[in-house]
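Analysis of the macromolecular model
Here is how the chains run, residue by residue.
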Amino acid sequence: MAIDISTLDARYLDSCKRHGVVPNSAVLSWFYKAKIQKSSHEKCSIVVLLDHLRAADFSPLIDVFLEIDSSNIDAVDILHESPIILTEEYVLSMIRTINLKLRLVELRDVSFGKDFFRDLSHDGLACQVLKLRSSHFQKLNMVGRFLQLHTLNLDYCTHLTSLQKDCFACMPNLMRLSMCETRVANLWTTSAVLSKIPSLVELRFQTCPCCENTGPCPMSSNTDDLLTVDDVPSMGECLSNDCQITVSSELQRIGLLELSSDNALPVSKKHGHLQKEVSFSEMHVQPKNGSLLSGLNWDLTDAAIALKYCISHHPSPICFEKHYRDYMIASLPLLQVLDNLLIRKMDREKAKTIFSKYYEYLPYKRQLESVVTVLQKREMGSSIIHGRKSLKPKQPSSYKKSPYFFSRSLCATKLGAWPLLYPVSNISYTSKQESKQLRPRQFEYHPSNSSLMVFGTLDGEIVVFNHESGNIVGYVPSIGAANSVLGLCWLKKCPSKLLAGSDNGSLNLYDINHMPPNIADAYCSSGIVTYDRFEQLTSVHVNSTDDWFLVSGYSKHVALYDIGSGKRLKLFNNMHREPINVAKFSNHSPSIFATSSFDHDVKLWDLRQTLEQPCYTSSSSRGNVMVCFSPDDLYLLVSTVDNEVKQLLAADGRVHMNFEIASTGSAHNYTRSYYMNGRDYIISGSCDEKVVRICCAQTGRRLRDVYLEVCPLMRYVNFIWGASLHIHHHLCNSVCNLR
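Right, let's walk through the structure included here. As the structure is a computational prediction, the values presented were derived from the model and not from experiment. (Residues numbered from 1 in each chain as written. Predicted model: local features only at pLDDT ≥ 70, side-chain atom pairs only at ≥ 80, totals over all residues. Heavy atoms only, no water.)

1. A closer look at the sheet that holds strand β42 (residues 691-696)
Read from one edge to the other, the open sheet built from 4 strands follows the order β40-β41-β42-β43, with strand pairing classed as antiparallel. Of all strands in the sheet, those with a lone pairing partner are β40 (671-676) and β43 (702-707), marking the two edges. The average undirected angle you get between the axes of adjacent strands in this sheet is 20°. In terms of strand pairing, β40 meets strand β41 (residues 681-686) through 6 bridges, oriented antiparallel. Within β41, the residue paired with S673 across the bridge is S684. (Pairing = 2+ DSSP bridges. Helix = DSSP H or I, 4+ residues; strand = E, 2+ residues; numbered from the N terminus. Axes fitted to C-alpha atoms, helices over the stretch in contact; angles between N-to-C directions.)

This is how it looks when you write it as structure tokens:
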């Protein structure tokens, strides 16, 4: 028998009497409002305001709500807005008691701790709308049952950085998701997670000042003929390009913006002023001639947010990615509204074009196939499966005959948005005297054994490490005062030997066959060759025949050493106008090498010449951090300060590819880049950012951005994966380790 709403207040008073609690007038008012709704033949709901409750009020309320499922109450909403202290177990117990009649739950973490939100995420809720504002979320992992949930709002969860793979798997009916002003930044993992939500139609990572919810902005239909999405650059484009933005004066007429009294800032009428969410470089907005805004010099720092779709507010970092909107539209074909803007047919067509131009879904533009399908093709012939000819168009014969065709296809099937990561910096050793955590500073993979790497530490240790088994193969402790290892290079023809240089100028050749497999109290000196010091050393590199090696450092000079005799053969003075960061030999020509310097120049040299002049000089717009040859010596990969990465033709230094990675504006964002899988892909990272980027070396298309769960990385770490070394090898394996 259904419990009548008119009896709820009486039940509540009886329960208060049993528990010895003074009735709460706020609770009685909630029941009274529900009675009024019922008498007016409206849907009746109870709005529970947690701010009005004391700890003693919960037990009587829970008694009433135990039978709410059999009552004629249509819905119960739970709201929490004020900064008051509540007993977490009481709140959670009441929420679970209401069960199926629960419609809206809005909670803030002002008074709720980490354990409360963890239990909520793991156990699930029966509500339809859930609004959480918590600083305890860093990785969203809502694995509980949320079967009735159709709207989830995580706005202002300012510590939320990433979404776990299956965090929405228990929300099959989720249609609307809002994550404004979080720290979510990764296009690839985020879109991969969201693509698993079958019902998602509305999504936003930034708000519209006039919109409370995720639906399309009612003002957008008024501006379609005035300012379209295509007319306004994304935040990433504003940050990366020196652009001028044209604004129609009609924005004032339709009431979106008004000018402040100092004629400098756009002001939202609804919110009083637009907050400065981000810092932009010094750029200005040029209004249309003849408009009401013409003649005004708007600093883009103030205007860009107002111009982002005309309405952007409180963006998450993902919004600053170039082509963010197009990428999300292309990745989520069922999505209908993004950031309060309708997705039109023309938006989808544009997004598809942009995605194809700037991104790769899988390596080598492969189609998504299962491992079993690829293995069947390999065993039975690429065009025949199960005795039938493939109906797909035949690929060019030269492409099918490539010895790497099937290995590339297998690799593409295994590629996911989440690489396997573990930090080598967590490795420690224990000797008789001490237990010590290793602090990696520089590393190099073995040239022929992909399971081995050597890394040097900030404390001067040399560690040979099998990153597949997790075992230390060889260890050399620092001798004397601790000095950071800055240069490492394996020999090519004698791959058991490696060269190491430290910041005190010391240079030593080691043989891993003479390194003890276990940590010893003292290291036997046999197998070590010591060379003359090179002061302020930063880089060492061995040539292709293992005859010579180059050393450079915080100077304008480069030294050439003979590996066999141990002598310094030559010191080349004043090769650049500023310190030389890197000197690299080519992979096949033992006398050819390249240098890069903060003087903005990259130079190619030939030891068969006098070295009075380089073979050529190629200049960058910023100081060069490093240069390296492609494995076949056809190209040079140049990286400068703050993400200027380009590929040069090694023959004459002409620019072959500019990878157009967005700069941060930092003069200390030192960038390094390397080739992957021959010269098919490049991987790039910078010391002020917690992301490494993988791009196709021939087209410049972005394959993945991989965010590391450390950061920002310390500047004394030479390269971003100095704190998480395993990532490079895993990416080489799972993306394109094909040879």
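2. Considerations on the packing of aromatic side chains
Taken as a whole, this structure holds 17 aromatic pairs when the rule is applied. Taking the centre distance of 6.4 Å and the plane angle of 80° together, the rings of F205 and Y324 count as edge-to-face. Taken as a pair, F205 in the loop between β9 (202-204) and α7 (235-240) and Y324 in helix α10 (residues 324-331) lie far apart in primary sequence, 119 residues in all. A residue is classified by how much of its surface remains accessible, and F205, at 0% relative accessible area, is buried. Three or more aromatic residues joined by ring pairs form one cluster here, namely W188, Y327, F355 and Y359. (Phe/Tyr/Trp six-rings, centres within 6.5 Å; stacked < 30°, edge-to-face > 60°. Buried < 20%, exposed > 50% of the residue type's maximum accessible area, 1.4 Å probe, protein only.)

3. A look at the state of the cysteines
Here a disulfide denotes a covalent bond joining the sulfur atom of one cysteine to the sulfur atom of another. The final tally for this structure, using the stated rule, is 0 disulfides. Free of any disulfide, C211 has its nearest neighbouring cysteine sulfur in C208, separated by 3.5 Å. What makes C211 buried here is its relative accessible area of 13%. C210 supplies the cysteine sulfur nearest to C217, a cysteine that is in no disulfide, at a spacing of 3.4 Å. A relative accessible area of 4% places C217 in the buried class. (Disulfide = S-S within 2.5 Å.)

4. Some details on the sheet that holds strand β20 (residues 440-445)
If you walk across this open sheet you meet the 4 strands as β20-β21-β22-β23, and the pairing is antiparallel. Each edge of the sheet is formed by a strand with only one pairing partner; in this case those strands are β20 and β23 (471-476). Taken pair by pair, the neighbouring strands of this sheet meet at an average axis angle of 25°, ignoring direction. When strand β22 (residues 462-466) meets β23, the two strands line up antiparallel, connected through 5 bridges. Counterpart to I462 in the pairing with β23 is V476.

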